[in-house]
Amino acid sequence: MTALEQLAGRPVVVGGGIAGLTAALFLAPEPVVLVTRAPLGTDGSSPLAQGGMAASVGADDDADLHLADTLAAGDGLCDPQVARRILAAGPEAVAELERLGVAFDRAADGGLMLGLEAAHSRRRIVHADGDATGRALVRALSAAAAACPSITVVEAEARRILIDDGGVAGVMIAGAAGGAILPTRRLVLATGGIGALYEHTTNPAASFGIGLALAAEAGAELSDLEFVQFHPTALATPARPLALISEAVRGEGAILVDGAGRRFLAGVPGAELAPRDVVARAVWRELSAGREVYLDARVSLGARFSARFPSVAAGCLAAGIDPATDLVPIRPAAHYHMGGIAVDGDGRSTVPGLWACGEVAATGLHGANRLASNSLLEAVVCGREVARSIAGTRAGPPARRAPAVMPPQPDAAAVRPIVSRLIGVTRDAAGLAAAVCALLPLAEAGGAARAPALVGLMMAVAAHARTESRGAHARTDHPAPAAVARRSRSTLDTTLAAARRIAAPGPARAAFN
């Protein structure tokens, strides 16, 4: 019996970020397989998270205030019950992370240091290592996972979910030793987001939505795929991914100006601390008008910048910019996906045996626009909830080892220009229909472009169907919100059917534009 065959039947978690690590750790002492693309702590978007984790731990704060801010940012599409449950778990999540080895920044009196970010009414952002919270969390959780005897780490990519009798039967993986099948009736996807479908993104190159493609091809329902959050202040350089300039910098008083020094957000409610979608569109309008846009922290932080935000300062200095004395060029960049695999309160998808947590899941917390720093909280809380759900689920009979063809390694290169140009900060019917026409052949043809093309196609079809502007989804041809807010739901079959109607020539094409 090979080493992989000995793992048959164990729960499998795909993804080595905060959500996946948390799920695996909270499954202990039950043996679990953790599938990661690279050594623990070295891959994914989690280590890039700067600002911190939102939690109502301040003396002037509580879960109700946190909920009110989250619902306001979500623009009518948050699930209030889900949001209340996740946000109320914030203080406990902070304590659990400290138990697992995370050292949050504390003041001289021993209290947690709390940052302020956009659309938060209180200082509630706990952070570690200044502006390197994600890296600190991943480092501590990775060390805990490496020391946990019940977790077996397998370095590989997930390529296909196997289904029999209507439920999960296993997952096909490909690694340095070749392809293999991990038979399991309990599979967790914690694969992150879709930012790498865009030319300008803060996400690493492998974050193009593989979990969404895997779930869709397994028959799972997906939700809210049209809602992509563009972070308004990515460092505008040729580097990829773009370095993020944390929202916490604006929380400490930095402002946004054009090349003439005009503070173009001065008249907007909340100004630089308005919700991310508002700020991103304002920056996009300036750039589209041919004006350069800068972050100015010279007065608010000045010489203190590098001490408070060492990671941001290092990124700026590497580009030849000193944020203490220079204007910092910025632009919006794809940052976070509010949409994902539709899950219930336990993280279960519509496919028996398939759970999801973290950015790949659509829990209902974020609505149409994520409130800053709620994502790390969601990853920890929902990773724990998924683990508890799996622990209370019988493993089921052994899966049949049906033959299957290993899909090729995905490559988003052919998809990226289409998504970047046509499903960006602002959209319209003509552009979305063009995206569908360009992506549909790639999705149907198979090959390396299939998985990323499927994700882009599902996003384009969902955006085409939402004939309103809400949160991060801005339609220039439908600038007002609809009277009733509704979350979107889709499957691969419904997406393909809609895409073929949109792409059909003649009257049918016109009817969908």
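Refer to the structure presented above.
The rules we used
Residues numbered from 1 in each chain as written. Predicted model: local features only at pLDDT ≥ 70, side-chain atom pairs only at ≥ 80, totals over all residues. Heavy atoms only, no water. Helix = DSSP H or I, 4+ residues; strand = E, 2+ residues; numbered from the N terminus. Rg over C-alpha atoms; globule rule 2.2 N^0.38 Å. Buried < 20%, exposed > 50% of the residue type's maximum accessible area, 1.4 Å probe, protein only. Contact = heavy atoms within 4.5 Å. Lys, Arg positive; Asp, Glu negative; His and termini not counted. Charge placed at Lys NZ, Arg CZ, Asp CG, Glu CD. Salt bridge = Lys/Arg side-chain N within 4 Å of Asp/Glu carboxyl O. 1 Å grid on protein atoms, 1.4 Å probe; cavity = no way out; pocket = protein on both sides within 12 Å on 5 of 7 lines; lining within 4 Å. Points joined across faces, edges and corners; volume = space filled by probe spheres on them. Nonpolar A, V, L, I, M, F, W, Y, C, P; charged D, E, K, R; others polar. Pairing = 2+ DSSP bridges. Axes fitted to C-alpha atoms, helices over the stretch in contact; angles between N-to-C directions. Parallel < 35°, antiparallel > 145°, perpendicular 65-115°, else oblique. Left-handed = near helix turned anticlockwise from the far one by under 90°. Expected span 1.5 Å × (residues − 1). Arc of directions from axis to C-beta. Polar contact = N/O pair within 3.5 Å; in protein donor to acceptor, adjacent residues only side chain to side chain. Core = buried A, V, L, I, M, F, W, Y, C linked by side-chain atoms within 4.5 Å.

A word on the overall build of the protein chain
When its secondary structure is counted, the protein chain shows 16 helices and 19 strands. Rg of the C-alpha trace for the protein chain: 22 Å, near the compact-globule value of 24 Å for 513 residues, within the 12% margin. Considered along the principal axes of its C-alpha atoms, the protein chain spans approximately 65 × 65 × 40 Å. By residue count, 58% of the 513 residues in the protein chain fall in the buried class. Nonlocal contacts in the protein chain, meaning residues at least 24 apart in sequence, comprise 71% of its contacts between residues at least 6 apart. Taken together, the 47 basic and 48 acidic charged side chains of the protein chain have centroids lying 4 Å from each other.

Regarding the environment of Ala-128
Within the secondary structure, Ala-128 is located in the loop between β5 (125-126) and α5 (133-146). A residue is classified by how much of its surface remains accessible, and Ala-128, at 0% relative accessible area, is buried. Sequence separation of Ala-128 and Leu-376 is 248 residues, and the distance between their C-alpha atoms is 12 Å. If sequence neighbours within four positions are ignored, Ala-128 has contacts with Ala-103, Phe-104, Asp-105, Thr-133 and Ala-136.

Side note on the pattern of salt bridges
If you walk through the whole model with that rule in mind, you get 29 salt bridges. The closest approach of N and O atoms between Arg-263 and Glu-272, which form a salt bridge, is 2.7 Å. For Arg-263, a relative accessible area of 40% corresponds to the partly exposed category. Glu-286 is the partner of Arg-291 in a salt bridge, and the nearest nitrogen-oxygen pair spans 2.7 Å. Through salt bridges with shared partners, a single ionic network connects Glu-226, Arg-466, Glu-468 and Arg-470.

Let's talk about the layout of surface pockets
Roughly 350 Å³ of volume is contained in the second largest pocket. Around the second largest pocket, the lining comprises 25 residues; the ones closest to its centre are Val-461, Ala-462, Ala-465, Arg-466 and Ser-488. Only β11 (222-223), α14 (450-465), β19 (489-490) and α15 (492-503) provide two or more residues apiece to the lining of the second largest pocket. The element best represented in the lining of the second largest pocket is α14, accounting for five residues. Across the lining of the second largest pocket, the residue classes break down as 11 nonpolar, seven polar and seven charged.

Let's talk about the pairing of strand β15 (residues 328-337)
Within β15, nine of the 10 residues are buried, which leaves the element mostly enclosed by the surrounding structure. Inspection of the sheet shows strand β12 (residues 228-235) paired to β15 by six bridges, in the antiparallel sense. Within β15, the position partnered with Val-228 by the bridge is His-337. As paired strands, strand β14 (residues 293-296) and β15 are joined by two bridges and run antiparallel to one another. Bridge assignment links Leu-295 to a residue of β15, and that residue is Val-328.

Things to note about the packing of helix α13 (residues 429-445) against α14
With their axes 8 Å apart at the nearest point, α13 and α14 run at an angle of 150 degrees to one another. Comparing the axis directions of α13 and α14 gives the class roughly antiparallel. Relative to α14, α13 is oriented so that their crossing is left-handed. Here α13 contributes Ala-429, Leu-432, Ala-433, Ala-435, Val-436, Leu-439, Leu-440, Leu-442, Ala-443 and Glu-444 to the contact with α14, which in turn contributes Arg-450, Ala-453, Leu-454, Gly-456, Leu-457, Ala-460, Val-461, Ala-463 and His-464. Looking at the contact of α13 with α14 residue by residue, the class counts come to 15 nonpolar, two polar and two charged.

Some details on helix α2 (residues 63-74)
For α2, spanning 12 residues, the distance from its first C-alpha to its last is 16 Å, which sits close to the expected 16 Å at 1.5 Å a residue. Of all the residues in α2, the buried ones are His-66, Leu-67, Asp-69, Thr-70, Ala-73 and Gly-74. The buried side chains of α2 occupy one side of the element, clustering within an arc of 165 degrees when seen end-on. The opening residue of α2 is Asp-62, an N-cap whose side-chain oxygen sits 3.0 Å from the backbone nitrogen of Asp-64. Once α2 finishes, Asp-75 follows within two positions and takes phi at roughly 55 degrees, a positive value.

What to know about unusual backbone geometry
Put simply, Ala-28 and Pro-29 share a cis peptide bond, and its omega is 10 degrees. Looking at the secondary structure, you find Pro-29 in the loop between α1 (18-27) and β2 (32-36). The omega angle of the peptide bond from Arg-240 to Pro-241 is -5 degrees, so this bond is cis rather than trans. Relative to the elements of secondary structure, Pro-241 occurs in the loop between β12 and α7 (247-251). Positive phi outside glycine occurs at Asp-75, with the angle close to 55 degrees. Summarising the element assignment, Asp-75 is placed in the loop between α2 and α3 (80-88). Given a relative accessible area of 31%, Asp-75 falls into the partly exposed group. Backbone geometry places Ala-271, a non-glycine residue, at a positive phi of 50 degrees. By the element assignment, Ala-271 lies in the loop between β13 (255-258) and α8 (276-288). For Ala-271, a relative accessible area of 12% corresponds to the buried category.

Overview of the environment of Val-293
Mapped onto the elements, Val-293 comes out in strand β14. Taking the C-alpha atoms as reference points, Val-293 and Leu-137, 156 residues apart in sequence, are found 32 Å from one another. For Val-293, the residues in contact, after removing those within four places along its chain, are Val-257, Phe-264, Val-283, Glu-286, Leu-287, Val-328, Pro-329 and Ile-330.

Some details on the nonpolar core
Formed by 71 residues in total, the largest nonpolar core has its most connected members in Leu-189, Leu-197, Tyr-198, Ile-341, Leu-354 and Leu-457. Looking at this core, the element that brings in the most residues is α14, giving 11 residues. Setting aside residues no more than four positions away along its own chain, Leu-354 makes contact with Ile-161, Val-168, Leu-187, Leu-189, Ala-215, Ala-220, Gly-347, Arg-348 and Ser-349. By size, the runner-up hydrophobic cluster in this structure holds 49 residues, among which are Val-13, Leu-87, Val-386 and Ala-387.

Thoughts on the sheet that holds β15
Taken together, four strands build an open sheet; the order of strands is β12-β15-β14-β13 and the sheet is antiparallel. Of all the strands in the sheet, the pair left with one neighbour each is β12 and β13. Sheet twist, expressed as the mean angle between neighbouring strand axes with direction ignored, is 50 degrees.

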